[in-house]
Structures are given as C-alpha cells and as structure tokens.
Amino acid sequence: MAALVASTRELFTEGVRAVLETWPVLQIAVDNGFGGVYSQQKADWMVDAVQQYFHDNSDLQQYEVEDFLSELMNNEFDTMVDDGSLPEVALQVCQMFKQCQQGKVEEVKGQISQLARKKSAGRVKATAVKSPAEEEEDESDEDDTEAMECDGAAGVSPNHAAPRPANPPAPPPDEADDGWTVVRKKK
C-alpha cells in the first residue's frame, strides 16, 4: 500500500493502537503475562510492527493481516487466537489504513475516539469456565464429604475411636517383563 504522509501515518499508528488495546485476546494475554514480564512492552511494540507492516507492503489483503497478527500473537504471547476475532481486528486495521490513504482523517479520528470509549468502559477478565461435568463432579464431592461427616459422627463417640491398624508392610517391588523394577514412594 502506498506510503502515508507523516501526519496520517501517525494517525494510523494511533488507530492501530486503539484497535489493539481494545482487542480482548491481546488484553488477556497482557494482563496474564502470556508474553512474560515484558508483555506490555510487547503489546506496545506490536502496534509499531503492524504499522510498519502496512508501510513496507503494498496491496495488503485482510487475510495477510490476519496471518501477520496471528503470527505475532503466537510468537510473542504463545497464544493461538481461536475466538474468531482475528478477521474483525484485521478488517478494522485495513479499513483505517484505507481511510488514512484517502485522507478521511475525521472518520479515523471518530473511530479512534469510539474505541477509546470502549476501552474506558472496561477491560475483559479471563475466568476459568467449568464444564457441566466438572460442576457435577464438584457437587458430588461436596455431597460425599457431607455424607462422610454425618456417617462418622453418628456411630462413634469421641472417647472410643476405632484403633488404627499398624502400617502394612510395603509390597515387594514389581518387576516388569523387561527387567525394570518399579520404585514406589514410601508412605
């Protein structure tokens, strides 16, 4: 794509920053340190890398920008983007670049201010989601614990606790067919 005038290039950089700062995948990666201690610096660098990518290449297509963003996320944050947001982010950046090329500065500024409002509305939080099977498992564990507490308290008085059996002798080491001996941890 054709080179931009300095002022529109700066505006495009601001636009890329606004898009990337409101991208939930990148927010989560930065907030949770997926890129290591320098996650925020990597996110800042990513803005410049995307802007430079547009400057260095002509006639970029949306899929090329998607691939570039995906590669950056994978290399810098060890993150595979599978939430379907890559095409949307790539499209936003491509549209901003075209608008900057066409001199539609006011439209780009409007988009940047809209993204800034979205950013100030709040950041996304990553939370662990339990599957229905895990929730059932947790509930059944709680029921078992309650049942055990009730069963144990009803039959035994505190003064007459059942004697504990002596530690059983350790089973002999298992020897596999290939001559290896299985070593077990002592209790």
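Below, the structure is looked at part by part. Throughout this description, residue numbers start from 1 for each chain and increase along the sequence as written. It should be noted that, the model being predicted, local features are given only for residues of pLDDT at least 70 and side-chain atom pairs only at 80 or more, the latter also being counted only at that level, while totals for whole chains, interfaces and linings use all residues. Computation of side-chain values: all heavy atoms of the structure, hydrogens and water removed.

### So, the overall build of the protein
Alright, step 1. Numbering of helices and strands runs from the N terminus; a helix is a DSSP stretch of H or I covering at least four residues, while a strand is a stretch of E covering at least two. Counting secondary structure elements, the protein contains seven helices and two strands.
Alright, step 2. Shown N-terminal to C-terminal, the secondary structure of the protein runs as helices and strands in the order α-α-α-α-α-α-α-β-β.
Alright, step 3. Partly exposed describes any residue whose relative accessible area lies between the buried limit of under 20% and the exposed limit of over 50%, with all areas from a 1.4 Å probe on protein chains only and scaled to the type maximum. Within the protein, the fraction of its 187 residues that count as buried is 27%.
Alright, step 4. If you take every contact in the protein between residues at least 6 apart in sequence, the share linking residues at least 24 apart comes to 68%.
Alright, step 5. Here, Shrake-Rupley sampling with a 1.4 Å probe gives the accessible areas, and only protein chains in the shown set may cover a residue. Accessible surface for the protein amounts to roughly 13,300 Å². Of this, 52% is attributable to carbon and sulfur atoms. Here, two residues are considered to be in contact whenever any of their heavy atoms come within 4.5 Å of each other.

### Quick look at the packing of aromatic side chains
Within a pair of aromatic rings, the relevant descriptors are the distance that separates the centres and the angle that separates the planes.
Alright, step 1. Here the aromatic set is Phe, Tyr and Trp, taking the six-membered ring for Trp, and pairing holds for ring centres within 6.5 Å; pairs whose planes are under 30 degrees apart are stacked, those over 60 apart are edge-to-face, and all others are tilted. Enumeration over the complete set of coordinates arrives at four aromatic pairs.
Alright, step 2. An angle of 35 degrees between the planes, with centres 5.0 Å apart, marks the rings of phenylalanine 54 and phenylalanine 97 as tilted. Here the residue phenylalanine 54 occupies a position in helix 3 (residues 39–56), and phenylalanine 97 occupies one in helix 5 (residues 86–101), the gap between them amounting to 43 residues. For the pair phenylalanine 54 and phenylalanine 97, a shared accessibility class is recorded, and that class is buried.
Alright, step 3. Ring pairing ties together the aromatic residues Phe12, Phe54 and Phe97, which thus form one cluster.

### Some thoughts on the side chain of threonine 22
Alright, step 1. By the secondary structure assignment, threonine 22 is in the loop between helix 1 (6–21) and helix 2 (24–31).
Alright, step 2. With relative accessibility at 6%, the residue threonine 22 sits in the buried group.
Alright, step 3. We define a polar contact as two N or O atoms separated by no more than 3.5 Å, with the added condition that, inside protein, one atom must be a possible hydrogen donor and the other a possible acceptor, whereas residues neighbouring each other in sequence contribute only through side-chain atom pairs. A polar side-chain atom of threonine 22 sits 3.0 Å from the main-chain carbonyl oxygen of alanine 18.
Alright, step 4. Side-chain polar atoms of threonine 22 contact the backbone oxygen of valine 19, separated by 3.1 Å.

### Thoughts on the environment of asparagine 57
Alright, step 1. Among the secondary structure elements, asparagine 57 is positioned in the loop between helix 3 and helix 4 (62–77).
Alright, step 2. Look at asparagine 57 and you get partly exposed, because its relative accessible area is 27%.
Alright, step 3. A polar side-chain atom of asparagine 57 sits 2.8 Å from the main-chain carbonyl oxygen of tyrosine 53.

### Section: the packing of helix 4 against helix 5
Between two packed helices, both the angle of their axes relative to each other and the distance between the axes serve to describe the pair.
Alright, step 1. Geometry is summarised by axes, namely lines fitted to C-alpha atoms with helices restricted to the contacting stretch, and by angles between N-to-C directions that run from 0 to 180 degrees. Contact geometry for helix 4 and helix 5: axes closest at 9 Å, N-to-C directions at 115 degrees. Seen from above, helix 4 lies across helix 5 with right-handed handedness. The segment helix 4 lies against helix 5, with Gln62, Val65, Glu66, Leu69 and Ser70 engaging Leu86, Pro87, Val89, Ala90, Leu91 and Cys94.
Alright, step 2. As a working rule, the residues Ala, Val, Leu, Ile, Met, Phe, Trp, Tyr, Cys and Pro are called nonpolar, Asp, Glu, Lys and Arg charged, and the rest polar, with Gly in that last group. Its residues assigned to classes, the contact of helix 4 with helix 5 comprises eight nonpolar, two polar and one charged. Crossing handedness follows the turn of the near helix against the far one: under a right angle anticlockwise gives a left-handed crossing, and clockwise gives a right-handed one.

### Thoughts on helix 2
Alright, step 1. Here helix 2 has its buried residues at Val25, Leu26, Gln27, Ala29 and Val30.
Alright, step 2. Just downstream of helix 2 lies glycine 33, where phi reads positive at about 65 degrees.

### What about helix 3?
Alright, step 1. Here the expected span of a helix is defined as 1.5 Å times the quantity of residues minus one. Helix length check: helix 3 (18 residues) gives 25 Å between terminal C-alpha atoms against 26 Å at 1.5 Å per residue, within 8%.
Alright, step 2. Three or more residues of helix 3 are buried, namely Ser39, Ala43, Met46, Val47, Ala49, Val50, Gln51, Tyr53 and Phe54.

### Points about unusual backbone geometry
Peptide bonds are mostly trans, and most non-glycine residues show a negative phi.
Alright, step 1. In this structure, aspartate 59 is a non-glycine residue whose phi angle is positive, near 55 degrees.
Alright, step 2. Structurally, aspartate 59 can be placed in the loop between helix 3 and helix 4.
Alright, step 3. Even without being a glycine, aspartate 78 presents a positive backbone phi close to 50 degrees.
Alright, step 4. Checked against the element boundaries, aspartate 78 lands in the loop between helix 4 and helix 5.
Alright, step 5. Taking relative accessible area as the criterion, aspartate 78 reaches 65% and is therefore assigned exposed.

Limitation: the analysis is restricted to geometry and does not speak to function.
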